[in-house]
Every structure is written in C-alpha cells, then in structure tokens.
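# Observations on chain architecture
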Amino acid sequence: MAYLYTLYQAIDNLNSLQKLWPEIIIAGLLVFAIVGESASRSIPSIASGVGAIIWLGLIAAGGSTYWSMPSLASGIQEQVLFNGLLAWTPLVTFFRFVSISAAGLTLWAMRIQEGAVSLVRWAFVLSTLLAAHLLVMATHWLMVHLSLGLLSLATALLIYSPHSAVRSIASLQYLLYSTAVLALMLWSVSFLYGFGHDLSFAAWTAVVTHSAVASSWLYVGVLCLLSGVLFTVAAFPYHFWVSDAYAAAPPTAVAYLATVPKLAGIACLLRLCVSMSPSVGSPSMLQAQHLMAFITLVTIVVGNVKALAQREALRLMAYAAVSQGGLLMAGVVACPADCVGLLYYGVAYSIGSFAALLSMQWLTQLTGQQLISGYVGVGRQFPLPGICLVVAMISLVGLPPTPGFIGKFLILCTLWEKAVHSQSPVFGSLFVVSMLSTVASLYYYLKIPYSLFSQSAAPPTLTLSARHKM
C-alpha cells in the first residue's frame with residue numbers, strides 16, 4: 001500500500017506541473033538572467049539580447065496563464081496541487097495577469113531609466129514575481145513561509161545598490177526587519193504544528209475556531225502567525241520599513257514593490273479568510289475578525305497621519321501606500337466571499353501607483369528635485385509628466401470619473417453592509433475611518449499637483465541626465 005500511495009503522490013505532482021507553466025517559465029527566465037549576467041561580463045553586448053528574450057518570456061508566461069485555466073464549462077473553482085501545498089483558483093489567474101503586466105512594465109521602465117539592460121536587477125524583479133505567485137497559490141503555512149522568505153530576500157536585493165550608501169543601509173534594514181518578522185512567524189507556525197500536527201490552512205481554521213483557546217492567546221497567536229503577510233502588506237505594526245525603503249530605492253523599483261508584493265499579501269489574506277468562512281459565527285471567529293478589523297483601522301489611521309506630515313514626495317507615497325493597503329485589507333475583512341470590488345480596486349490602485357511614481361521619476365530626472373517644494377511651477381515647464389501625475393493622483397484619491405473612485409465606492413459599500421449586518425462598533429468605526437481617509441488623502445495626494453500648476457517659479461535647472469536624454 002505504501003508503494004501505491006507514493007505512486008499516487010508522484011502522479012499528482014506530475015499533473016500539478018501542468019498548472020504551474022507561468023511559474024516554470026518565470027523560474028527559467030530567472031536562471032537565464034543569472035547566466036546571461038555572467039556571460040555579459042565577457043561579452044557586454046549580450047545583455048540586450050538576453051533582455052529581449054526575457055521580455056518574450058514574460059509574454060509567454062502571460063499566454064500560458066490563459067491556457068492553464070480550466071475551461072469555463074467545467075465550472076472548477078479550485079484545484080489542489082502538489083498534495084495540498086498549492087492550489088489554483090480564479091484569483092490566481094487574475095493575479096498572474098496583473099503581476100506579469102506589472103513586471104513587464106517595470107523592466108521596460110528600468111531599461112529606459114538606466115539606458116541599458118541590468119540583468120542583475122531584472123533577476124531580482126523576476127525573483128519577487130515568482131515568490132509573489134507562490135504566495136498567492138499557497139495553502140500550506142510552510143509554503144507561505146518559504147514564499148515570504150524568497151520575497152523578502154529579493155526585495156532587499158532590489159533596494160540595494162553598491163554605489164549608494166543610503167540604499168545599502170535601507171536594504172540592510174529591510175533584510176533585518178524581515179528576518180526578525182519571519183522568525184516570529186516561524187515560531188507561531190511551530191506552535192500551530194504542535195497544536196494540530198498539520199500546517200494546512202484547514203488546521204489554521206481549527207486553531208482559530210477552537211473553543212478551548214483563550215482569547216488573549218488567540219490574539220497573540222493570530223498576530224504572530226500573520227506577521228510575515230502583514231509585513232509584506234506594510235500593515236500596522238509592521239509598517240516601519242516602508243518610509244526608508246521607498247525613499248532610498250528608485251521610483252521604478254518603488255512602483256513595483258508598492259503593487260505586486262502588496263497585492264500578493266492581500267490575496268493570501270483573502271484565501272485565509274475564505275478558508276475560515278465555514279466557521280463564521282463562532283465566538284473565536286468573531287474575535288479574529290474584530291482583531292483583523294482593528295489592525296486594518298489602525299493601519300489606515302497611521303498611514304494617513306504620517307502622509308500628512310511628509311515633505312518628500314517618495315516618503316509621502318510610502319505612507320500613502322500604507323493607507324491604501326489598509327483599505328485593501330478592509331475589503332478582505334468585510335466580505336471575503338464577494339471580492340469583486342477588492343479586485344477592481346487592486347487593479348486601479350496598481351495603475352495609479354505606477355503612473356504616479358513613474359511620473360515622479362520623470363520629473364526628478366528633469367529637475368533633480370525630490371522634495372515637494374522643489375516641484376513648484378515644474379508642471380508649467382514640463383506639462384506632459386505633470387498632467388500624468390495629476391491624473392494618477394486624482395485616481396489614487398478616488399475622485400470621479402477615475403477607476404479609483406469606482407473601486408473605493410465598491411469597497412465602502414461592502415464595509416457599510418458589513419457594519420449594518422454585524423452591528424459591530426469595530427466595523428462601524430472602520431467604515432467611518434475609511435471615509436475620512438478619502439477626505440485626508442485629498443490634502444496630501446493633491447499637494448503635489450497644487451505645487452506643479454497652481455504656483456509659479458523660475459524655470460528649473462535640468463540635471464545632466466535630463467540634458468543627455470533631451
């Protein structure tokens with residue numbers, strides 16, 4: 001019987017590979033980028049050709065995402081892979097399209113910014129992309145921990161630069177913070193295994209909903225177990241790394257880190273909440289929901305308060321991203337079964353964040369300014385990047401008729417229904433804070449467009465890089 005069971009597992013693993021073609025292609029591109037970097041030291045011209053192949057590989061990964069989906073006629077909503085380590089759902093396909101598109105845009109922007117193909121940095125982008133995909137598909141805490149470890153290491157290397165002391169320090173800080181958080185998460189995972197001798201999400205549900213677990217231990221256990229995911233989302237109390245990392249890294253990398261890892265963490269939280277949905281109504285489950293709602297509320301408040309006090313554009317976007325992550329978490333805790341508004345707002349936020357940060361990079365290359373006060377009158381001198389930045393900021397605020405308005409409206413409607421149905425002061429407060437967050441974002445998001453066009457200043461002096469590109 002043991003031989004038959006082993007044979008069954010082997011066959012299941014081989015069948016599971018058919019659902020992982022996008023990840024297999026990305027892993028192959030990662031290896032190809034590393035080999036190409038080694039070869040380019042002897043033949044520098046080979047880097048451009050390798051970069052073109054990586055681009056084509058990402059297109060192939062996007063195409064394989066479509067072909068790896070089950071047919072709509074089959075009606076399959078979930079497929080368990082690798083004997084319960086991973087699983088495919090329609091959410092996985094959605095995230096694959098978004099993340100691969102974001103990675104392709106990031107590589108294109110890096111190519112323009114640096115004037116050449118940096119295969120080392122491209123390899124770091126592909127590493128974070130692969131880790132994010134595995135995190136979204138994970139249904140086992142061991143896979144979650146391994147995915148977060150790869151994601152944290154690749155992120156730290158993407159921030160790092162041997163030619164910048166500021167970036168090197170920020171990278172080291174991020175690596176130390178992530179290591180400590182993942183160690184805390186590993187301790188909690190070991191506690192989960194000792195409790196149920198299983199690391200699947202089903203065991204997680206049993207621990208959370210077990211009536212014998214004391215409330216105080218439940219709160220501590222849930223917070224520690226989710227520490228790695230909350231760190232990736234930059235939620236309270238794991239948001240402290242965001243400001244220095246965003247301020248040190250180039251806006252191209254910031255745009256990527258503010259979207260793909262954050263959306264992967266949100267997708268992981270969504271899968272966890274869906275796995276607990278059969279236990280809705282139990283006292284422990286309600287306590288866990290209230291804990292997540294409280295963390296979400298504080299995340300939104302901290303992000304907005306910190307963003308209001310910023311004078312540097314990238315630090316403002318860093319704390320604004322914390323608030324945006326809190327709003328995405330609000331969509332998860334309100335109603336994980338109905339995630340249409342959450343997914344729509346995730347795409348709208350990604351587009352707005354990319355457009356805003358790339359426009360900031362454009363303006364910085366033209367003027368050499370990073371402070372908001374340095375943008376005074378710049379929009380009059382360079383209207384195209386200025387207009388792009390204004391439109392992106394309006395979408396991030398959530399004003400009509402931008403996609404951000406529709407996404408925020410859908411999430412707020414879900415929050416309102418949850419608050420009315422549950423009659424919980426925690427969810428009621430979360431709805432009010434989310435509404436006030438939109439009002440607060442009017443000030444700090446539109447602070448930059450006001451400086452760009454509503455004030456006048458002397459023509460800015462072009463930097464050497466800007467002159468070279470012009």
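So, a few notes on the structure that sits alongside this text.

## Some words on the overall build of the chain
Per the secondary structure count, the chain includes 22 helices and two strands. Relative to its full complement of 470 residues, the chain shows a buried share of 56%. Once local pairs closer than 6 in sequence are excluded, the contacts in the chain between residues at least 24 apart make up 77%. Of the roughly 20100 Å² of accessible surface on the chain, 71% is carried by carbon and sulfur atoms.

## Digging into the packing of helix H18 (residues 383–397) against helix H20 (residues 425–445)
In the contact formed by H18 and H20, the axes pass within 9 Å of each other and the chain directions differ by 160 degrees. On the basis of their axis angle, the class for H18 and H20 is roughly antiparallel. As for the relative orientation of H18 and H20, their crossing is right-handed in sense. Here Met393, Leu396 and Val397 of H18 come into contact with H20, specifically with Thr438, Ser441, Leu442 and Tyr445. Among the residues forming the contact of H18 with H20, the class breakdown is five nonpolar, two polar and no charged.

## Quick notes on a nonpolar patch on the surface
A cluster of nonpolar side chains, namely Leu153, Leu157, Leu172, Leu175, Leu176, Tyr177 and Phe240, defines an oily patch on the protein surface of about 610 Å² accessible area. Top element by residues in the nonpolar patch is helix H7 (residues 165–196). It accounts for four residues. The residue Leu157 is located in helix H6 (residues 141–159) in this model. Here Leu157 falls in the partly exposed class, since its relative accessible area comes to 34%.

## What to know about unusual backbone geometry
Phi is mostly negative for residues that are not glycine, and the peptide bonds are mostly trans. Here the residue pair Phe236 and Pro237 is connected by a cis peptide bond, since its omega of 5 degrees sits within 30 degrees of zero. Within the secondary structure, Pro237 is located in the loop between helix H10 (227–233) and helix H11 (242–248). Look at the link from Pro400 to Pro401: it is a cis peptide, with omega at 5 degrees. Within the element layout of this structure, Pro401 appears in the loop between H18 and helix H19 (403–422). We note that Ala234 has phi near 65 degrees; this positive angle belongs to a residue other than glycine.

## So, the packing of aromatic side chains
Scanning the model with the defined rule gives eight aromatic pairs in all. Ring geometry for Phe231 versus Trp241: centroids 5.5 Å apart, planes at 35 degrees, classification tilted. Here Phe231 is found in helix H10, whereas its partner Trp241 is found in the loop between H10 and H11, with 10 residues between them in sequence. Each member of the pair, Phe231 as well as Trp241, is classed as buried. A centroid spacing of 5.3 Å and a plane angle of 50 degrees characterise the contact between Trp416 and Phe431, whose relative ring orientation is tilted. With Trp416 in helix H19 and Phe431 in helix H20, this pair connects stretches of sequence that are 15 residues apart. Each residue in the set Tyr174, Phe231, Trp241 and Tyr246 is aromatic and connected to the rest through ring pairs, giving one cluster.

## Comments concerning the environment of His290
By the secondary structure assignment, His290 is in helix H14 (residues 283–308). The spatial distance from the C-alpha of His290 to the C-alpha of Val333 is 8.8 Å, given a sequence separation of 43 residues. Beyond its immediate stretch of four places on either side in the chain, His290 contacts Ser424, Val426 and Phe427.

## Topic: the nonpolar core
Grouped together as the largest cluster of nonpolar side chains are 147 residues, with contacts concentrated most on Trp141, Val144 and Met360. Leave out the neighbours within four places in its chain, and Val144 touches Leu135, Ala138, Met185, Phe201, Val229 and Cys268.

## Structural notes on the environment of Phe409
Inspection of the secondary structure assignment puts Phe409 in helix H19. Sequence separation between Phe409 and Gly398 is 11 residues, and the spatial gap between their C-alpha atoms is 8.3 Å.

## Considering helix H3 (residues 46–67)
Between its first and last C-alpha atoms H3 spans 31 Å; for 22 residues at 1.5 Å apiece the expected length is 32 Å, and the two agree. Those residues of H3 that sit buried are Ala47, Val50, Gly51, Ile54, Gly57, Leu58, Ala61, Gly62, Ser64 and Thr65. All buried residues of H3 project into a common sector of 160 degrees when viewed along the axis, lining one side. Among the exposed residues of H3, those oriented more than 90 degrees off its buried face are Leu56, Ile59 and Trp67. Buried-residue contacts for H3 involve helix H2 (21–40), helix H4 (90–114) and helix H5 (119–137).

## Regarding the packing of helix H15 (residues 313–334) against H20
Axes are the key here: two packed helices are described by the angle between their axes and the distance separating the axes. At their nearest, the axes of H15 and H20 sit 11 Å apart, and the two run at 150 degrees to each other. Overall, the two elements H15 and H20 adopt an arrangement that is roughly antiparallel. Two packed elements cross with a definite hand, and for H15 against H20 that hand is left-handed. Touching Leu316, Met317, Ala320, Ser323, Gln324, Leu327, Ala330 and Val333 of H15 are Phe427, Leu430, Ser434, Ser437, Tyr444 and Tyr445, all from H20.

## Let's talk about H4
Compared with the 36 Å implied by 1.5 Å per residue over 25 residues, the 36 Å span of H4 between its first and last C-alpha is a close match. Directly after H4, the chain includes Gly115, whose backbone phi takes a positive value near 75 degrees.

About the thresholds
Residues numbered from 1 in each chain as written. Predicted model: local features only at pLDDT ≥ 70, side-chain atom pairs only at ≥ 80, totals over all residues. Heavy atoms only, no water. Helix = DSSP H or I, 4+ residues; strand = E, 2+ residues; numbered from the N terminus. Buried < 20%, exposed > 50% of the residue type's maximum accessible area, 1.4 Å probe, protein only. Contact = heavy atoms within 4.5 Å. Areas by Shrake-Rupley, 256 points an atom, 1.4 Å probe, with all protein chains shown as cover. Axes fitted to C-alpha atoms, helices over the stretch in contact; angles between N-to-C directions. Parallel < 35°, antiparallel > 145°, perpendicular 65-115°, else oblique. Left-handed = near helix turned anticlockwise from the far one by under 90°. Nonpolar A, V, L, I, M, F, W, Y, C, P; charged D, E, K, R; others polar. Patch = residues over 30% accessible without salt bridge, like charges linked within 9 Å, V, L, I, M, F, W, Y side chains within 5 Å. Salt bridge = Lys/Arg side-chain N within 4 Å of Asp/Glu carboxyl O. Phe/Tyr/Trp six-rings, centres within 6.5 Å; stacked < 30°, edge-to-face > 60°. Core = buried A, V, L, I, M, F, W, Y, C linked by side-chain atoms within 4.5 Å. Expected span 1.5 Å × (residues − 1). Arc of directions from axis to C-beta.

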